[in-house]
Amino acid sequence: MASHEEITASLLAFQEGYNKNERLKIMNRDWDRVVLVQANDIPSQHTLELRNGELSVREGAPPRADLTVIADSETLADLFYGDITPTEPYMNGTLKIIGSEDDIVRLDFISLMIWGE
Amino acid sequence: MKRVVSVSLGSSRRDHRVEVELLGERFEISRRGTDGDFDRAIQLLKELDGKVDAIGLGGIDVYLYAGKTRYVVRDGKKLMDAVQKTPVVDGSGLKNTLERETVYYLREHTDLLPPGTRVLMVSAVDRFGMAEAFAELGCDLTFGDLIFAAGIPYPIRTVKELEELAARLLPEMSKLPFHMLYPTGKKQEAQDEEKVSKFGHYYREAQVIAGDYHLVRRYMPQLDGQTIITNTTTADDVAFLKEKGAGCLVTTTPEFQGRSFGTNVMEAVLVALLQKTWEQITPRDYLDLLRRLDFKPRMVYLR
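Here the structure is a predicted model, which is why all the values come from computation and not from measurement.

Calculation rules
- Residue indices begin from 1 for each chain and proceed along its sequence in written order.
- The order in which chains are written sets their letters, starting at A; the order in which ligands are written sets their numbers, starting at 1.
- Residue-level local features of this predicted model are given only where pLDDT is at least 70; pairs of side-chain atoms are given and counted only at 80 or more, and the full residue set underlies all totals for whole chains, interfaces and linings.
- By convention in this description, side-chain values take in all heavy atoms of the structure and omit both hydrogens and water.
- The term disulfide is used for any two cysteine sulfur atoms that are within 2.5 Å.
- Criterion for a salt bridge: a side-chain nitrogen of Lys or Arg within 4 Å of a carboxyl oxygen of Asp or Glu.
- Per the convention used, a helix needs a DSSP run of H or I reaching at least four residues, while a strand needs a run of E reaching at least two, with both numbered from the N terminus.
- Residue exposure (1.4 Å probe, protein chains only): buried if accessible area is under 20% of the type maximum, exposed if over 50%, otherwise partly exposed.
- Any pair of residues with heavy atoms lying within 4.5 Å of one another is described as a contacting pair.
- Defined here as a combined quantity, buried area equals the accessible surface (1.4 Å probe) lost by two parts on assembly, summed across both.
- Here a polar contact is taken to be a pair of N or O atoms separated by no more than 3.5 Å, where protein atoms must pair a possible hydrogen donor with a possible acceptor and residues adjacent in sequence count only if both atoms sit in side chains.
- As used throughout, domain bounds are those supplied by an automatic or database domain assignment.
- Only protein atoms enter the 1 Å grid used here. Points where a 1.4 Å probe fits but cannot escape make up a cavity, open sets with protein on both sides within 12 Å along at least five of seven lines make up a pocket, and a residue lines them when an atom lies within 4 Å of a point.
- Grid points are joined across faces, edges and corners, and a volume is the space filled by probe spheres set on the points.

To continue, consider the state of the cysteines. Applying the stated criterion to the full structure yields zero disulfides over all chains. The cysteine Cys-248 of chain B is free of any disulfide, with Cys-139 of chain B supplying the nearest cysteine sulfur at 15 Å.

Laid out in structure tokens, this is it:
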């Protein structure tokens, strides 16, 4: 089990990876979205916000989310650190993403652009 | 008589059956759509296994190529693995030969592809051979893979960048359910109006629009005489393209009784003629056979 602080640290690593990728920022400048990241085994909620291609992270839930990412704390930390890709946990149900199919594909795409080989 | 069947995840409304003679051999060629129902496709493949001469898989890719790397689409492979006895193909072998040749043919024999032609490929990872051929001939390319599959307004302009992005994205994305990446079943009969209005300008800026017909159709705005290079089209599709203002339709596969079949079907026909296993067949085998069959692109002027 990961702690809330570890999830925060993984999201900050994700944010750093994103912000270093200029091409990714260009690709996402039309995609303003609020993402709730929620652990299902510990009390932990974070907000990822994409606006004008920039990604920000803050602790706590947003008033309204376009996408909700739910998994156990360990999976979330592994995912945002890039130790695992989202596809397998998404396919086996460990990771749930609530939102439109287009948005889910795009979030998958962003994580692969940051961490994919 | 040899029997070749295409089992497709696409709409059953496009089903078709013809009898033709090729190199002195009679063929019954048919297509059976399963309306996006994956389980029904598996069941049908199992029923046909061992009873027909070759099977094509339609509405889905099994192998995607970028450069020398081959990516396996998980859902496509599941369908392929349902067939144990009969040779089964997805059309990727023919895409890499016939569709390259189509581009060279158009340059040599028509005025549709002069150097510098602005070409939009709605998706290029499923037609890498064609993408390379356009690039070789000095076309001004836009690959719409990210635009149309992921809604990302980022045109890929070179084969090198296409390969780089494919290497990063495809190993994982090919594991997703296929319907998340490609329109299957009923989705093939409707346009995605949001993307048509958001990304339609990529079509209008191009002189040639190439790629999988369902993708070409799904995002097509009103056109102004553009050439469409694709494969599977029915009489209704020709009427649709005419209504949209396309100038010319080029299909890479030949027409049988008013219908151009998918590359998977044609590849299955070639496999049945070659009587080799798919693993034994080389691109040279396909090219030699295509020359003997005298397959040429079909051109329909719509204006």
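It is worth spelling out the pattern of salt bridges at this point. All names here are of chain B. Applying the stated criterion across every chain yields a total of 35 salt bridges over all chains. The partner of Asp-15 in a salt bridge is Arg-31, with the nearest N and O atoms 2.9 Å apart. Taken together, the residues span a long stretch of sequence, with Asp-15 in the loop between β1 (2–8) and β2 (16–22) and Arg-31 in strand β3 (residues 25–33) at a distance of 16 residues. Residue Arg-31 is classed as buried on the basis of its relative accessible area of 7%.

The partner chain B presents 26 residues to the 20 residues of chain A that form the contact. Summing the contributions of chain A and of chain B, the shared interface buries around 2100 Å²; its carbon and sulfur component is 60%. Counting across the chain A and chain B interface gives six salt bridges. For Lys-198 of chain B, the salt bridge goes to Asp-30 of chain A, with nearest N and O atoms at 2.9 Å. The interface formed by chain A and chain B holds eight residue pairs in polar contact (both at pLDDT 80 or more) in total. Contributions of two or more residues to the side of chain A that touches chain B are made by α2 (22–27), α4 (87–92) and α5 (101–115) of chain A. The leading source of residues in the side of chain A that touches chain B is α5 of chain A, at 10 residues.

In this section: the domain arrangement of chain B. Residue and element names in this part refer to chain B. Split by domain assignment, chain B resolves into domain 1 (2–92 + 255–297) and domain 2 (96–251). Each of domain 1 and domain 2 has a C-alpha centre, and the two are 21 Å apart. Each partner contributes to the interface: domain 1 provides 33 residues, whereas domain 2 provides 35 residues. For the pair domain 1 and domain 2, the two sides together bury roughly 2900 Å², of which 60% comes from carbon and sulfur. Linking domain 1 to domain 2 there are two salt bridges.

All names here are of chain B. Under the criterion given, the structure shown has four cavities of 30 Å³ or more. In this model, the largest cavity occupies a volume close to 310 Å³. Around the largest cavity, the lining is made up of 25 residues, and of these Gly-58, Gly-59, Asp-212, Thr-232 and Asn-264 lie nearest the centre. Going through the elements one at a time, β1, β4 (54–58) and α11 (263–274) are the ones with two or more residues in the lining of the largest cavity.

What follows is about the layout of surface pockets. Residue and element names in this part refer to chain B. Here the largest pocket is characterised by a volume of approximately 610 Å³. What lines the largest pocket is a set of 36 residues, and nearest its centre among them are Asp-145, Ala-149, Ala-150, Leu-181 and Tyr-182. There are two domains that each give the lining of the largest pocket at least three residues, and those are domain 1 (2–92 + 255–297) and domain 2 (96–251).

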